[in-house]
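Here is what each chain is made of, one letter per residue.
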Amino acid sequence: QAIHVGAAAATFPKELMKQLDVGGVMVIPVGPEGGTQYLYQVERVGDVGEVVGVSDNSRGFREEDYQVRRVLGVRYVPLVQVN
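Conventions we followed
Residues numbered from 1 in each chain as written. Predicted model: local features only at pLDDT ≥ 70, side-chain atom pairs only at ≥ 80, totals over all residues. Heavy atoms only, no water. Core = buried A, V, L, I, M, F, W, Y, C linked by side-chain atoms within 4.5 Å. Buried < 20%, exposed > 50% of the residue type's maximum accessible area, 1.4 Å probe, protein only. Helix = DSSP H or I, 4+ residues; strand = E, 2+ residues; numbered from the N terminus. Contact = heavy atoms within 4.5 Å. Phe/Tyr/Trp six-rings, centres within 6.5 Å; stacked < 30°, edge-to-face > 60°. Pairing = 2+ DSSP bridges. Axes fitted to C-alpha atoms, helices over the stretch in contact; angles between N-to-C directions.

1. Examining the nonpolar core
For soluble globular proteins, the rule of thumb is that nonpolar side chains tend to be buried together.
Moving on, step 1. Of all hydrophobic cores here, the largest spans eleven residues; its members are Ile-3, Val-5, Ala-9, Met-17, Leu-20, Met-26, Ile-28, Val-30, Tyr-40, Val-42 and Tyr-66.
Moving on, step 2. When contributions to this core are tallied by element, the ones reaching two or more residues are strand 2 (25-30) and strand 3 (37-44).
Moving on, step 3. Setting aside residues up to four positions removed in sequence, Tyr-40 forms contacts with Phe-12, Met-26, Val-27, Ile-28, Val-30, Val-68, Arg-69, Arg-70 and Val-71.

2. Description of the packing of aromatic side chains
Where two aromatic rings form a pair, the distance of their centres and the angle of their planes describe that pair.
Moving on, step 1. Applying the stated criterion to the full structure yields two aromatic pairs.
Moving on, step 2. Seen in terms of ring centroids, Phe-12 and Tyr-40 are 5.0 Å apart; in terms of plane orientation they differ by 75 degrees. Their pairing is edge-to-face. In this pair, Phe-12 is assigned in the loop between strand 1 (2-4) and helix 1 (14-18) and Tyr-40 in strand 3, connecting sequence segments 28 residues apart.
Moving on, step 3. Here the aromatic rings of Tyr-38 and Tyr-40 are separated by 6.5 Å at their centres, their planes lie at 75 degrees, and the arrangement is edge-to-face.
Moving on, step 4. With relative accessibility at 26%, the residue Tyr-38 sits in the partly exposed group.
Moving on, step 5. What links up through ring pairs into an aromatic cluster is the set Phe-12, Tyr-38 and Tyr-40.

3. A short note on the sheet that holds strand 1
Moving on, step 1. Ordered in space as 1-2-3-4, the four strands form an open sheet in which the pairing is mixed. The open sheet is flanked by strand 1 and strand 4 (66-74), the only strands paired with a single partner. Averaged over all pairs of adjacent strands, the angle between strand axes in this sheet comes to 20 degrees, irrespective of strand direction.
Moving on, step 2. Of the strand pairs in this sheet, strand 1 and strand 2 are connected by three bridges, and their pairing is parallel. Paired with His-4 across the strands is Val-27, a residue of strand 2.

As structure tokens, then:
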């Protein structure tokens with residue numbers, strides 16, 4: 001499983017990260033608009049944050065479940081959030 005985000009997020013989007021299965025990878029640019037941005041590879045390496053008996057959308061979030069690697073400097077348009 002993989003997620004590619006084609007616009008820069010100001011911070012790591014936890015809701016997208018929680019959608020990854022263990023072993024899944026997300027590639028995402030992170031950084032402020034007009035500022036320093038980096039392309040990151042985020043791999044889900046654990047599922048300790050998962051709550052047994054509830055839907056995937058209700059899973060908890062634990063940083064320990066993810067391995068984050070900065071790949072290179074980039075410049076992307078900002079990610080738009082819909083409320």
